[in-house]
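# Summary of structural features
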Amino acid sequence: MHAHIQQRIQEIINNLDRLPSIPDVASKVLTMVNDPDVAFKAIADEISKDQAITTNILKLCNSAYFSKGKEISSIDRAIVTLGIKEVKDIVVVAATREVLNKIIVGYDLARGELWKHGIAVAVLSKRIAVLKNKKSIADIAFTGGIIHDVGKTVLALFVQNTFKEILELVQTRQIQFAAAEKEIMGFDHQEIGENILNKWKFPEVLRSIVRHHHQPDKAPAEFLPIVSIVHIANTLCLMAGVGIGADGLYHELSDTAIKTLGLTNRELEQLYGDMPQVLNQASGIL
Amino acid sequence: MNTLINVGVSQMGASSSPTVLRTILGSCVGICIYDRMKKVGGMAHILLPNNPGDGNPEKYADSAIPLLIARLVRDGANKEFLSAKLAGGASMFKFNASVTLGQIGERNVEESKKILEKSNIPVLEHDTGGNTGRVIDFFLEDGRMKVKAGGQEKLYYKV
């Protein structure tokens, strides 16, 4: 392991200013949505305080993916028409776009590819949740899908310098790319992602998705189904080449995830075969 | 400047020199077919091997390849001068052997080769399998294929 790299990453984690930021409204809305005592009006008011993000949110509300046909011109109307869970997802899309929609050097992702990948994983995660009768967590799966790889935005620079070593370790020791990241740099992109979500004050379930998306069996039992959903969606998107970077398919397709969701071979192939449709839907959000 | 056409998942692109066709592949296979005399060529990006008859012929190797050949012939290619290159068909690094999804990359490559053989189109080069993602550029000025995988570039020139 490179102690100096580990130390540099530790410094970034310790100094919150050096981790990416998103508008405060995202964490506020995530917390308020989970509080049964908070009125929808209060949430709408909170969102409307941020004029820039409100404009983006309204645009997304009227996009092909989210729109229910009726023109939406205020956050109040959005909550009534689309539902609070949907509006919460839209807030996260609008809030995280800037952080995720950029070139990710070390992973060889051109501008926009990580963003497109996150949105595709989000859309597919939601589909899997609905398919496997877990509609009640479909919105959280969607949010988790968007941000699951956020750690790559910080780790990329270090991966760029150690890529050859990481790949060599993957091949000689037959370990996953993320495990090799950790061996070489002391951290993997999932841990960095969890730290970023801590800074953003995102809830535990989302931190768990980010932290365990390559090894769902390590997730706390209560979050195993949702982490499994995002794991499968991520796998299928990478197999279809969506957001596939220098780490390629050097990942594991988790048997635990497949069994947890009760996915058959036929369902898995069907979901993979649905990728063109998923991408088409995702393009309505980009 | 050469025109660049991005070919998406389960899409097809065809053009002539000096256009460049590009796609990004995981377990999917990119089939590049070229007429070295007319300098016209095309690329199919297939997701799965066999078409169950769902009305999306571009998505499957067994229906996309005949479609691409017909398109090239319509664009003036001579079937006798056509040759093919293949890329993609990677698999997940680790998966339980009973999960058929893990074998899709391999099945995509096999089916693509089979259909090309049936169509009497020689496969001159292939860069397939393994666990890497691939970005491929197919240059219609001379039919070369550039494969970028795991930070490295390889060029395939045979036409």
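Residues numbered from 1 in each chain as written. Chains lettered and ligands numbered in written order. Predicted model: local features only at pLDDT ≥ 70, side-chain atom pairs only at ≥ 80, totals over all residues.

### As for the overall build of chain B
A count of helices and strands for chain B gives 2 helices and 10 strands. Mapped in sequence order, the helices and strands of chain B form the string β-β-β-β-β-α-β-α-β-β-β-β. A globule of 159 residues ought to have a C-alpha radius of gyration of about 15 Å, and chain B, at 15 Å, matches this closely. Buried residues in chain B amount to 50% of all 159 residues. (Helix = DSSP H or I, 4+ residues; strand = E, 2+ residues; numbered from the N terminus. Rg over C-alpha atoms; globule rule 2.2 N^0.38 Å. Buried ≥ 20, exposed ≤ 12 C-beta atoms within 10 Å, placed from the backbone.)

### Section: the sheet that holds strand S2 (residues 12-16) of chain B
All names here are of chain B. Spatially, S2-S5-S4-S6-S7 is the arrangement adopted by the 5 strands of the open sheet, whose pairing is mixed. Each of the sheet's edge strands pairs with one partner strand only, and the pair in question is S2 and strand S7 (123-128). Taken over all neighbouring pairs, the strand axes of this sheet differ in orientation by 15 degrees on average, direction set aside. Bridging between S2 and strand S5 (residues 40-46) involves 5 bridges; their strand directions are antiparallel. When the sheet's bridge partners are listed, Met12 is paired in S5 with Ala44. (Pairing = 2+ DSSP bridges. Axes fitted to C-alpha atoms, helices over the stretch in contact; angles between N-to-C directions.)

### Focus: the environment of His214 of chain A
Residue and element names in this part refer to chain A. Along the chain, His214 turns up in the loop between helix H12 (204-212) and helix H13 (224-239). Overall, the presence of 21 C-beta atoms within 10 Å leaves His214 in the buried class. Look past the residues within four positions of His214 in its chain and what remains in contact with it is Gln176, Ala178, Gln190, His251 and Glu252. (Contact = placed C-beta atoms within 7 Å.)

### A word on the interface of chain A and chain B
Facing 28 residues of chain A, the contacting portion of chain B comprises 27 residues. Looking at the side of chain A that touches chain B, the elements with two or more residues in it are helix H9 (152-173), H13, helix H14 (255-261), helix H15 (265-273) and helix H16 (275-283) of chain A. Sort the elements by how many residues they give to the side of chain A that touches chain B and H15 of chain A lands first, with 5 residues. Looking at the side of chain A that touches chain B residue by residue, the classes come out as 16 nonpolar, 8 polar and 4 charged. (Nonpolar A, V, L, I, M, F, W, Y, C, P; charged D, E, K, R; others polar.)

### Points about the environment of Ala3 of chain A
Residues and elements named next belong to chain A. Examined against the element boundaries, Ala3 turns out to sit in helix H1 (residues 3-14). Its 8 C-beta neighbours within 10 Å are what place Ala3 among the exposed residues. Separated by 91 residues in the primary sequence, Ala3 and Ala94 place their C-alpha atoms 37 Å from one another.

### Regarding the packing of helix H1 (residues 61-74) of chain B against helix H2 (residues 104-118) of chain B
All names here are of chain B. It is at 9 Å that the axes of H1 and H2 come closest, and there the two elements cross at 40 degrees. Taken together, H1 and H2 sit at an angle that is classed as oblique. In this structure, H1 crosses over H2, and the sense of that crossing is right-handed. Residues Ala61, Asp62 and Ile65 of H1 pack against Asn108, Glu111, Ser112, Ile115 and Leu116 of H2. When its residues are assigned to classes, the contact of H1 with H2 shows 4 nonpolar, 2 polar and 2 charged. (Parallel < 35°, antiparallel > 145°, perpendicular 65-115°, else oblique. Left-handed = near helix turned anticlockwise from the far one by under 90°.)

Keep in mind that these numbers describe shape and distance, not what the molecule does.
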